[in-house]
Amino acid sequence: MRRKDFIYLTGIGAGAMMLPNFSALGSPVDASRLLAEGMDVATKKALADVALNTAKAAGASYADVRIGRYLSQFVATREQRVQGVANTESFGVGIRVLANGCWGFAATNDVTKDGMAKTAARAVAVAKANAKIGGKPVELAPQKGYGQVSWKAPIEKNAFEVPIKEKVDLLLAANAIATKGGASFVNSFLAMINEQKYFASTDGSYIDQDIHRISPNFQVTKIDQSAGSFQTQSSLSSPMGLGYEYLIPSAAEKVTGVVTRYKQRYDMLEDIAQAAKNVSEKITAKSVEPGKYDLVLDPSHLWLTIHESVGHPTELDRVLGYEANFAGTSFLTLDKWKSKNFKFGSEHVNIHADKLQKGSLGQVGYDDEGVKCGEWELIKDGILVNYQATRDQAHIIGLDKSQGCCYADNWDSVQFQRMPNVSLKPGKTPLSPDDMIKNVEKGIFIVNNGSFSIDQQRYNFQFGGQLFYEIKNGKIIGQINDVAYQANTQEFWNSCVGVCDESDYRLGGSFSDGKGQPQQVSAVSHGSSTTRFNGVNVINTKRKIG
Amino acid sequence: MAILTKEQAQALLKKVLSYSKADECEVALGGRMGGNIRTALNAVSTASETSGTTLFVNSTFGKKTGSASINEFDDASLEKVVRRAEELAQLAPPNPEFMPALGPATFKESITWNADTAAMTPDTRAELIAQSMKATKEAGLVQAGFLENTSGFSAVMNSKGLFAYNKSSDVTFSVTTRSEAGTVSGYAARGFTDIKKLDTYGATKIAAMKANASKDARAIEPGKYTVILEPTAGAYMLENMFRFDARSAEEGRSFLSKKGGGTRLGDQLVDEKVTIYSDPFNTELPGATWDREGLSLEKTYWIDKGVVKNLSYSRYWAEKKGVKPVPFPSNIIMEGGNSSVEEMIASTERGILVSRLWYIRMVDQQTLLLTGLTRDGTFYIENGKIKFPVKNFRFNESPVIMLNNVEALGKPERAISVESYRSYMIPPMKVRDFTFSSLSDAV
């Protein structure tokens, strides 16, 4: 699931609530503030030690401290107007403790010795109060302290160093191209995030990290007033764990074909020109004939199917029931994993989890409970072999250490299990998307993600898309419309008959994947090459109202 | 200083405005406090308390506006935040849609505050959760739940003399009860302004009853069925159409756009049994009596006996179109009818009772075609009786088509949308020809 309203402003809300416009991400600041130095590491260490010592003295068996500075910038435009520029900063500390076998958490934006001591004491009090209600005591996987270490995202250009005017100029230039290309309306956006996180724990880790993410996007709309219809097209960009270099086009990072797609560099001006053309074709494209089709799914589309049908059901907290009241549980129960022969997919399906891939949203040195990040297999040759776990879950699947899947979306949110990058490995035999399409008799090539819905145990899903190209006898013959496919997760992945090779490998991803109560967002990438699934059920989504 | 009184807020905002040198200045102050408990596997999984107060300043020179905020309230900080907003305004591009601030107005006092709810403590929350846990264990089930209370205030003032203040409190509770083996599941959600109305034991009993009644669910063929949607299911479906926005309709990109141009205002859009309105003084779901633009929020009909009665117009769009602004509402209420759920079941030859829907997404913005699934209590009805629990379905249906197929309505109650967690007043609904397109094995 992705949170619908990234920033939720005053509105209907809880129905009764009338609260001011709290930004979901922090308080508005001057753009120059985004480049200002935060608190120095020595001060953070001294403050963190106050919290850790207070927690231990109050009876905590374990404590961790996250001093976080979360910075963001948003630029939004519409046709030739700037709709808004927002710069936000959020700074504070979250303290988590284990006392009497139970977790406790408290947070404050009073990042002083006094604030640390009071908040640590509050966290211990919460843990002790919760422990009285009962339940199994928390069992933490051991984790050695790393001492004082740091990790910086390997970006080439901090997006906050680029003047706002340059960003506005880019978006307005893109909008002008869309309008010239026949779009009735165009909206474009740029979102940039920097997380400056300091983690310290009673295990002896003091970890300083600097993480950057960027998400360029647009939507062009074509109206046919006489027919009373409209269609939209979104950009073929992906949110990435990159700096502003993502917006510097590079021919080597393009995949050409019926439509140009992008790897680690994006060409917004080129993409919006093709979107304006494609949306004009789409509004008159013929409606799909429902039935069984072989689907050829581009990575710009497949990432979301991977996210929903592989990423979420392999989250161990869902498997165990921790998310039952909201996001749901999982069909990938422990008995299926223990059997060592649960056939999740065909032999072409090799899916791994990692927090290492270059340019990915999940790339980070250490997770939010001080575990160094790595890579592991989830589905090997089609068989379920592993899950995604945090320190307090590792023992349940027989691991002696965490897989580093803990994340909190802010200093005042409690960290919990979140999805690492989950990606489909490319095929080992050389195969291009064009060669894959050549062998399809009756199929649809789907580019970019559209609507998405999956049940609470991740069996039954339905996905739409942005661009649907009809394939007949090995050739793309043009756009069709009103396509969605429905499948059962296991049947779908077992219908996978081929994955293109690594030269086609690309990342897609979600900038704001939602989970938990209260809901938290996280950003995650999913890589794949173009992949073919045979005999998938396609429905027609055209309806008529009034 | 989480909850300021009207007088305290007014005095502070007056002081902030006194520092302004801009053509226009708007200041807003908001504070909130509250806490939550989350449970899973019949134990508390997380719990926390939050509070905070923030001051926002919008300064305008000509049509150029800058915004800044702060959460420190000494005189130097207040002056600093005003200066910062003014500096940002000078750098900002002119906003062609800028509307000058409104002058003084009188707003009715809202009924959104409840002192008992605002006074909730970690102990009150723990007791409510213990009650819920008791009902879960009595039914031999395992729960995951969430209880949250929030209280807050907001106040705005501008250099033209407008001042408005509101405070509110709210508590919500939701629980999912499942068998240890994960073979059955039931859900209940409740929300109130007044904590005294919240019965977590009773709500959990209903969730447990739904779970235990779902044992051995059978698969039946998907297709078009008469459905009885409980308010929790209806709210999540309908909130996707509760955007009665004039601008997107006039631009041709909404389900309220008319073929050939214009909007569906005045058209019979849905069945005449359907009336949808907003009223800040609804006692079950009260709302604020003013909005951020300084407009008074009054009782407003959006759909009256099936006819589109009003669309919301921002002040900018209203001026451009030469009409009166119609503010976005602070609540939404769908009027009901006289049927009870029992009567709806009794009058159904063949149908499905739906307790809750899940993971609804827009498939087609033009027709509001939605897809999603049933969850936590789906039952087959034959010859006026619930016959047996059924496996969950995926549906593909538009709320506009659904409201054209309404056969009977019950008494509206406060229902919380499963995903947005926003509340609406929604009646139970009996609807014919609801389209289920496939089966799901999910429990």
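Just so it is clear, the model here is predicted, and its values are computed rather than measured. (Residues numbered from 1 in each chain as written. Chains lettered and ligands numbered in written order. Predicted model: local features only at pLDDT ≥ 70, side-chain atom pairs only at ≥ 80, totals over all residues. Heavy atoms only, no water.)

(A) Molecular detail of the confidence of the model for chain A. The share of residues in chain A with pLDDT of 70 or more is 95%, and the mean pLDDT across the chain is 93. This stretch, residues 1–24 of chain A, has a pLDDT under 50; its non-local contacts, to residues over four places away or in other chains, come to 107 contacts. (pLDDT = per-residue confidence, 0-100. Contact = heavy atoms within 4.5 Å.)

(B) Local environment of the sheet that holds strand S4 (residues 142–158) of chain B. All names here are of chain B. A sheet is described by the order of its strands in space; here six strands give the open sequence S3-S2-S1-S4-S5-S6, paired in antiparallel fashion. If you trace the sheet from one side to the other, it starts and ends with strand S3 (64–70) and strand S6 (185–192), each paired once. Here the strands of the sheet are splayed against their neighbours by 15° on average, with no regard to which way each runs. Taken together, the seven bridges between strand S2 (residues 43–61) and S3 define a ladder with antiparallel strand orientation. Bridge assignment links Phe 61 to a residue of S3, and that residue is Lys 64. (Pairing = 2+ DSSP bridges. Helix = DSSP H or I, 4+ residues; strand = E, 2+ residues; numbered from the N terminus. Axes fitted to C-alpha atoms, helices over the stretch in contact; angles between N-to-C directions.)

(C) Structural context of the interface of chain B and chain A. Listed per partner, the contact involves 106 residues of chain B and 81 residues of chain A. When chain B packs against chain A, close to 7,700 Å² is buried across both sides, 55% of that on carbon and sulfur atoms. Contact with chain A buries surface across chain B, with Arg 38, Arg 253 and Tyr 359 of chain B losing the most and accounting together for 9% of the total. Along the contact surface separating chain B from chain A lie three salt bridges. When the shortest N-O distance is used, the salt bridge between Arg 38 of chain B and Glu 323 of chain A registers 2.8 Å. Inspection of the region where chain B meets chain A yields 24 residue pairs in polar contact (both at pLDDT 80 or more). Counting residues per element, the side of chain B that touches chain A draws most heavily on S2 of chain B, which supplies nine residues. Looking at the side of chain B that touches chain A, its residues break down into 40 nonpolar, 42 polar and 24 charged. (Buried area = accessible area lost by both parts, 1.4 Å probe. Salt bridge = Lys/Arg side-chain N within 4 Å of Asp/Glu carboxyl O. Polar contact = N/O pair within 3.5 Å; in protein donor to acceptor, adjacent residues only side chain to side chain. Nonpolar A, V, L, I, M, F, W, Y, C, P; charged D, E, K, R; others polar.)

(D) Looking closely at the side chain of Ser 48 of chain B. Mapped onto the secondary structure, Ser 48 of chain B falls in strand S2. Not counting chain neighbours up to four residues away, the residues in contact with Ser 48 of chain B comprise Phe 105 of chain A together with Gly 35, Asn 36 and Arg 125 of chain B.

(E) Geometry of the environment of Ser 174 of chain B. Mapped onto the secondary structure, Ser 174 of chain B falls in strand S5 (residues 163–178). Assessed through its relative accessible area of 0%, Ser 174 of chain B is described here as buried. Along the primary structure Ser 174 of chain B and Gly 410 of chain B are separated by 236 residues, whereas in three dimensions their C-alpha atoms are 22 Å apart. With sequence-adjacent residues up to four places away left out, Ser 174 of chain B is seen in contact with Asn 325 and Gln 517 of chain A together with Ala 144, Gly 145, Phe 146, Tyr 187, Ala 188, Ala 189 and Tyr 421 of chain B. Within polar-contact distance, the side chain of Ser 174 of chain B engages the side chain of Asn 325 of chain A at 2.8 Å. (Buried < 20%, exposed > 50% of the residue type's maximum accessible area, 1.4 Å probe, protein only.)

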